[in-house]
Amino acid sequence: MAKIGIALSGGGIKSFSQLPILATLANENINVSAIAGTSMGSVIGALFATGIPADDVIRISMELEKEINDKKILMRPSSKLLPFSKEKLVAGFVDGKDLEDALQRQLEKIGVHMLSDVTIPLVIPSVDLITGKTILFVSHPELYTKKNEDEIVISDIELAKAVRASCSFPFVIAAMEYKDMLLVDGGVTQNLPLGALTGYEVDKTIAVTMFGTDEFKDTGSLLGVASRVLDIMQREFDRENGSKADVHINIPLDKVWTFEIGKGQETIDLGAKEVQGYVQDLKQLSKEKSWWEKLWR
């Protein structure tokens, strides 16, 4: 049977639209052999990689959104920005530790702590702001072959901390200090981590993106503008990179912007609607090739 891998792009709350896609794979008994997730895609990917049922992943994701929204984690500047604070933030006004702690509390409930605790092989990209090198957090290094010598593979780390690094959106969520590195959002170099996924030597790939085409109107919001700038930078890369996957699912979420916390259910519903048009393509991935197809491969 073909080894199937899925790459989940970053996109803030828009990444919640990936939840019904992974749920569909589970419901159709399409086994996923490896997962790669960037930024918020790393949150979704990490939860699924733990091996818990899809319904539980969706429930936990919604609980995380509620906590972030209720505590206004993404809207409240950290006290570490104050002049008298001994601890300082770099490249953002939100302390990513708050996000890390929220995820860690959820992971503890299902008995997961370290990156190596996941059952489905997982890779999460981040970027070292100091050297510019891509950092790959890899759960199963014995199964992984990096494709670029400049990439750095790290496996001995807490899962929530690896996810936090990949979610450290420049200028908003502060860079994460780790050893002698300053880690920021993996989307800086690969918002759609299809390249990182291939290190697990999968046979078939699924790419999930959320870029749209509508004109931008939220010019009065600093977060909205920051989100839009990164969206524009990433869109063509995601489009071109996604075309290399065996199945590319794009969910055009023009009406939702990256930091619009509270629209999780809306994006889930849109993802559920969109994935229906790809079910047959997804089923084909796990089918064995005929002897004729193998001959002419």
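Residues numbered from 1 in each chain as written. Predicted model: local features only at pLDDT ≥ 70, side-chain atom pairs only at ≥ 80, totals over all residues. Heavy atoms only, no water.

Visitor: How should the overall build of the protein chain be read in this particular structure?
Guide: Each helix and strand counted, the protein chain has 11 helices and 9 strands in total. Within the protein chain, residue pairs in contact and separated by at least 24 positions form 73% of the contacts whose partners lie at least 6 positions apart. About 13900 Å² of surface is accessible on the protein chain, with carbon and sulfur atoms providing 53% of the total. (Helix = DSSP H or I, 4+ residues; strand = E, 2+ residues; numbered from the N terminus. Contact = heavy atoms within 4.5 Å. Areas by Shrake-Rupley, 256 points an atom, 1.4 Å probe, with all protein chains shown as cover.)

Visitor: Before we go on, may I ask you to explain helix 1 (residues 19–27) in this structure?
Guide: One turn of the α-helix equals 3.6 residues, which is why residues spaced by three or four share an orientation. Across the 9 residues of helix 1, 7 count as buried, placing the element largely inside the fold. Leu19, Pro20, Ile21, Leu22, Ala23, Thr24 and Leu25 are the residues of helix 1 that are buried. Just downstream of helix 1 lies Asn29, where phi reads positive at about 55°. (Buried < 20%, exposed > 50% of the residue type's maximum accessible area, 1.4 Å probe, protein only.)

Visitor: Explain the pattern of salt bridges to me, please; I cannot follow it from the model alone.
Guide: Proximity of charged atoms lets side chains of opposite charge pair with each other. Summed over the entire model, instances satisfying the criterion amount to 12 salt bridges. Across the salt bridge formed by Arg59 and Asp56, the nearest N and O atoms sit 3.7 Å from each other. Of this pair, Arg59 and Asp56 both sit in helix 3 (residues 54–70), 3 residues apart, which is roughly one turn of that helix. The class for Asp56 is partly exposed, based on a relative accessible area of 28%. Between Glu260 and Lys263 there is a salt bridge whose closest N-O contact spans 3.2 Å. (Salt bridge = Lys/Arg side-chain N within 4 Å of Asp/Glu carboxyl O.)

Visitor: Could you clarify how one ought to interpret helix 5 (residues 159–166) in this entry?
Guide: With 8 of 8 residues buried, helix 5 lies mostly within the body of the structure. Among all positions of helix 5, only Leu159, Ala160, Lys161, Ala162, Val163, Arg164, Ala165 and Ser166 are buried.

Visitor: What am I meant to see in the pairing of strand 2 (residues 34–37) here?
Guide: The side chains of a regular strand alternate between the sheet's two faces. Neither face of strand 2 is exposed, since Ala34 and Ala36 on one face and Ile35 and Gly37 on the opposite face are all buried. Bridge analysis of strand 1 (residues 4–8) against strand 2 gives 4 bridges, and the strand direction is parallel. In the strand pairing of strand 2, Ile6 is matched with Ile35. Sheet topology note: the strand 2/strand 3 (residues 122–128) ladder contains 2 bridges and is parallel. Within strand 3, the residue paired with Ala36 across the bridge is Val123. (Pairing = 2+ DSSP bridges.)

Visitor: So what exactly am I meant to see when it comes to the side chain of His140 here?
Guide: Within the secondary structure layout, His140 lies in the loop between strand 4 (134–138) and strand 5 (152–154). In terms of polar contacts, His140 uses its side chain to reach the side chain of Ser139, at 2.7 Å. Setting aside its immediate chain neighbours within four residues, His140 contacts Val118, Thr119, Ile120, Pro121, Leu122 and Tyr200. (Polar contact = N/O pair within 3.5 Å; in protein donor to acceptor, adjacent residues only side chain to side chain.)

Visitor: Honestly, the packing of helix 3 against helix 9 (residues 264–275) in this entry has me stumped. Any pointers?
Guide: Two quantities define a packed helix pair, namely the angle between the axes and the distance from one axis to the other. Orientation of helix 3 relative to helix 9, taken along the N-to-C sense of each, is 145°, at an axis distance of 10 Å. Together, Ile58, Met62 and Glu65 of helix 3 and Gly264, Gln265 and Ile268 of helix 9 make up the contact between the two elements. Looking at the contact of helix 3 with helix 9, its residues break down into 3 nonpolar, 2 polar and 1 charged. (Axes fitted to C-alpha atoms, helices over the stretch in contact; angles between N-to-C directions. Nonpolar A, V, L, I, M, F, W, Y, C, P; charged D, E, K, R; others polar.)

Visitor: Whenever I open this one, the side chain of Ser39 confuses me. Can you help?
Guide: Structurally, the position occupied by Ser39 is in the loop between strand 2 and helix 2 (40–49). Among residues more than four places away in sequence, those in contact with Ser39 are Gly10, Ser166, Cys167 and Asp185.

Visitor: What is the right way to look at the nonpolar core in this model?
Guide: In globular proteins that are soluble, nonpolar side chains generally tend to be buried together. In this structure, Ile6, Phe137 and Leu159 are the most contacted members of the largest nonpolar core, which totals 61 residues. For this core, the element with the highest residue contribution is helix 2, accounting for 7 residues. Those residues in contact with Ile6 that sit more than four places away from it in its chain are Ile21, Leu22, Leu25, Val32, Ala34, Ile35, Ala36, Leu197, Ile206 and Val208. Ranked by size, the runner-up nonpolar core spans 15 residues in total, among them Ala7, Val123, Leu192 and Ala196. (Core = buried A, V, L, I, M, F, W, Y, C linked by side-chain atoms within 4.5 Å.)

Just distances and angles here, no functional claims.
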